Structures are given as C-alpha cells and as structure tokens.
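Each chain, letter by letter, is given below.
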Amino acid sequence: MPIIDYKCPNCGSDMAFDSATGTLLCGSCGRSDDIERIADPLVNLVFTEGEVREYHCRSCGAVIMTEAETTATLCSFCGSAVVLADRLSGKLAPAKVIPFTISKEEAIQAFKKWCKNGRLTPRGFMSANRIKSITGMYVPFWLYDLHNKVEVHGQGTKVRSYTSGDYEYTETSHFRIYRKIRVNYSGLPVDAAEKMNDELMDKLEPFHYDQLKIFKTPYLAGYIAEKYSYDHKQLIPRMKGRVSEYIDDYIQSTVSEYSSVSITDRPIETHIKQADYVLLPVWVIHYNHKNLEHSFAMNGQTGKVVGKPPISKAKVTAWFAGISGVSLLSLKLISWMIGGMFW
Ligand SMILES: [Zn+2]
Ligand SMILES: [Zn+2]
C-alpha cells in the first residue's frame, strides 16, 4: 500500500517532523533522527499507473480522508502522520523542500499579536475564540531559473529651469531611449496549488532558498502537503506576468536621470533554463468574523505574515475624523489601509 508512516523504532509511537530541531522526533520517548541520514523509502518504491481510490491508516485501519491533491496528512481518527507515496513519486516527486522552522504555537502567537496590532480591529475581536483551523501546509511551487532579453524603446525628457534678467526660463530636452538588457533570475517562485490565493502566496516571499533541502518524505510527517495542480508549462503565463513586473522595475532604475519617461515598447524574450518543483512551508489560519471566513497566512520559514484583518467601520470613521484635513498623504494612507491592507 502506498502509505508511509513514521513509527519510533524505540517505542513504536508516532514520530513527526520537529520545526525546532529540524529532525524527525518521537513525542513519547524523545528519540530524534537526522532526516538527511534516513534512507527515504520512496526511492525504492515503484507504483503502477492508476489512481489509488482509498488509503487506509496503518495504525488504526481507518480510511484516510484526502482530496485529490493531498500528499501528506494526519489520520482524522488516530492522528498518525501519513504520507501518500504514490502522489510523490515519478514526475510528482518534488526536487527540494524548505522545512518548517516556525512551530504551530509560534504561528498562533503571531496571529494573536497581529490581531492586537491592528488598530482598526473591532473591539472584542480577540476575546472570542476565532481560530477555526490552523494548518501547517507544504505548498507546491515551481522555481524558475530564467534568462531574459529585453529591448526597451521610449522617450525621455530632461527639464532645466533658470532665471535670466526678468525672465524665468524652462528648457525641456527630448531624448530617445534605447536599452538592450539581459536579466537572469534564479529561483523565481510561482505557486502551483489551485486552491491557494495567488496574491497571498506572492506576498509571502521572500523565502531563503539557501535552506532548500533535497526532498525526503519525513519532512512532511505531521503536516499537510499537496501536489501541484499545474505543471511548470501551464504556469508560464503567470510566471511571465511576474517577470514583466520585475523587469519594469528594473527598466525604471536604468532611466532615473530623466524628468519624465515614456516607454513605448519593451519586448521580453524569456528562456526557461530550469524549473524545479519544490515544497514551501506556510501556516494558514482560517478565522471567523461576522460569520465570514478570513485567512491569515504566515511564511513557515521566516515568520512573515500576510492577510486581511477585519476592520471596524466605527473605528475607521473615528480615526478618520481625528486626522482628516491633516494632509493628502494621510488620506492616501487611509485609502490604502481600507482598500488594500497587506494584500
Ligand atoms: Zn519513541
Ligand atoms: Zn489512524
């Protein structure tokens, strides 16, 4: 059966990945195994084609509830960590993984702090138990290594003002802009899970890729993991969208000497050098507010937090009354806070 679980060789209890030590840890006797030294059973497994319909927990025999994308989960009856090996082999085998370094307790503390810091959070928001679920999830991403060639065409102006006698002169010079740029990106991440919000996932960056480990299944023990819904070819349009944003920023940095710039054309030629399938750690908290569900996500490696806090309209109005008229900047800040906080 294509199920892998992790029983302690000393005492037979369940072992799980421990974010504090980065090892496979037994909660009962404290045995701790270095994952890099564990021979990964996946290496020796060969699966016949065809979808497995039902997985059974090897500890209690119960049917394991999974979605089509699930690759690691917990038995909902006995809590054993299980890995669905057939969904992690062959072309579904991740190349690398960044293990969790933020624990569940740390994620909950960060969520509470985030709620408290939100000055516009409704009164009493944190007094109720809002957390509906907290999930440590390895989200599938493609990391692209890219070579890009860009030809930039446009116009720029330089404006100079000076006074001579009784007159003020403004002199505008026009320039034709042409730039030929080569930009390489290594490890540009694009999330490959259909159910994850793309914007939210983009905001979780950066991850520190120097911590990428060769993928082994024990890293998933005790967490939820999913396989990719889109392969690296299907994600090319989204990858190109991200590349053009980066390149536009870069182009701006090369034309900063002009007073005004208008880019008329900038064809980008992108060549994919490599695309690696990796799993990245994310804490997802679903919480209730006014019977609506909201999500809070946290980078499971760096602790960076993203999400949209619930906002009290009364508090916004009071705050606005207090500072309105101060400056245009404040108004901009408010619209930013109301409209797009953290998103
Ligand atoms: Zn043990
Ligand atoms: Zn079970």
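All values derive from a computational prediction rather than experimental measurement. (Residues numbered from 1 in each chain as written. Chains lettered and ligands numbered in written order. Predicted model: local features only at pLDDT ≥ 70, side-chain atom pairs only at ≥ 80, totals over all residues. Heavy atoms only, no water.)

This paragraph deals with the side chain of Ser-80. Relative to the helices and strands, Ser-80 resides in the loop between β7 (70–74) and β8 (81–84). On the basis of relative accessibility, which here comes to 1%, the residue Ser-80 falls in the buried class. There is a polar contact of 3.1 Å between the side chain of Ser-80 and the side chain of Asp-14. Apart from the residues lying within four places of it in its own chain, the contact partners of Ser-80 are Lys-7, Asp-14, Cys-57, Ser-59, Thr-73, Leu-74 and Cys-75. (Helix = DSSP H or I, 4+ residues; strand = E, 2+ residues; numbered from the N terminus. Buried < 20%, exposed > 50% of the residue type's maximum accessible area, 1.4 Å probe, protein only. Polar contact = N/O pair within 3.5 Å; in protein donor to acceptor, adjacent residues only side chain to side chain. Contact = heavy atoms within 4.5 Å.)

Here we come to the nonpolar core. Residues Tyr-138, Trp-142, Tyr-144 and Leu-220 are the most contacted members of the largest nonpolar core, which totals 54 residues. Formed by 17 residues, the second largest nonpolar core is a distinct cluster that contains Ile-98, Phe-141, Leu-143 and Phe-207. (Core = buried A, V, L, I, M, F, W, Y, C linked by side-chain atoms within 4.5 Å.)

Bringing the coordination of the zinc ion (ligand 1) into the picture now. Protein-derived ligands of the zinc ion (ligand 1) are Cys-8 (SG), Cys-11 (SG), Cys-26 (SG) and Cys-29 (SG), with the metal-ligand distances lying across 2.2 to 2.3 Å. One can describe the donor arrangement at the zinc ion (ligand 1) as tetrahedral, given that its four donor atoms subtend angles of 100 to 120° at the metal. Positions of the donor residues of the zinc ion (ligand 1) along the chain correspond to the pattern C-x2-C-x14-C-x2-C. Taken together, the positions of Cys-11 in the loop between β1 (3–5) and β2 (15–18) and Cys-26 in strand β3 (residues 23–26) put the pair 15 residues apart, joining distant regions of the chain. The class of Cys-26 is buried, set by a relative accessible area of 1%. (Donors = N, O, S within 2.8 Å, 3.2 Å for Na, K, Ca; no water. Tetrahedral: all angles 85-135°; square planar, octahedral: opposite > 155°, others 65-115°.)

Our focus in this paragraph is the sheet that holds β3. Strand order in the open sheet formed by three strands is β2-β3-β4, with antiparallel pairing between adjacent strands. Either end of the sheet is taken by a strand with one partner, and the two such strands are β2 and β4 (32–33). Where β3 lies against β4, two bridges are found, and the strand directions are antiparallel. Within β4, the residue paired with Leu-25 across the bridge is Ser-32. (Pairing = 2+ DSSP bridges.)

Moving on, we come to the pairing of β2. Across four bridges, β2 lies against β3 in antiparallel orientation. Within the sheet, the bridge partner assigned to Met-15 lies in β3 and is Cys-26. The turn joining β2 and β3, which pair antiparallel and follow one another in sequence, is formed by four residues; a positive phi near 70° is taken by Gly-22.

Our next topic: the confidence of the model for the protein. The predicted model of the protein averages 84 in pLDDT, with 81% of residues at 70 or higher. Across residues 313–343, where pLDDT falls below 50, the model places 34 contacts with residues more than four positions away in sequence or in other chains. (pLDDT = per-residue confidence, 0-100.)

For the zinc ion (ligand 2), the full set of protein donor atoms is Cys-57 (SG), Cys-60 (SG), Cys-75 (SG) and Cys-78 (SG), at a range of 2.2 to 2.3 Å. Seen from the zinc ion (ligand 2), its four donor atoms lie at angles of 104 to 117°, and the figure they make is tetrahedral. On the basis of relative accessibility, which here comes to 35%, the residue Cys-78 falls in the partly exposed class.

On to the UniProt feature "domain: TFIIB-type" (unreviewed entry) in the protein. The UniProt entry lists residues 6–34 under the feature "domain: TFIIB-type" (unreviewed entry), expressed in the numbering used here. When the span residues 6–34 is considered, its composition is 0% helix and 34% strand, and the gap between its end C-alpha atoms is 13 Å. (UniProt positions renumbered as here; feature names shortened; annotations may be inferred.)

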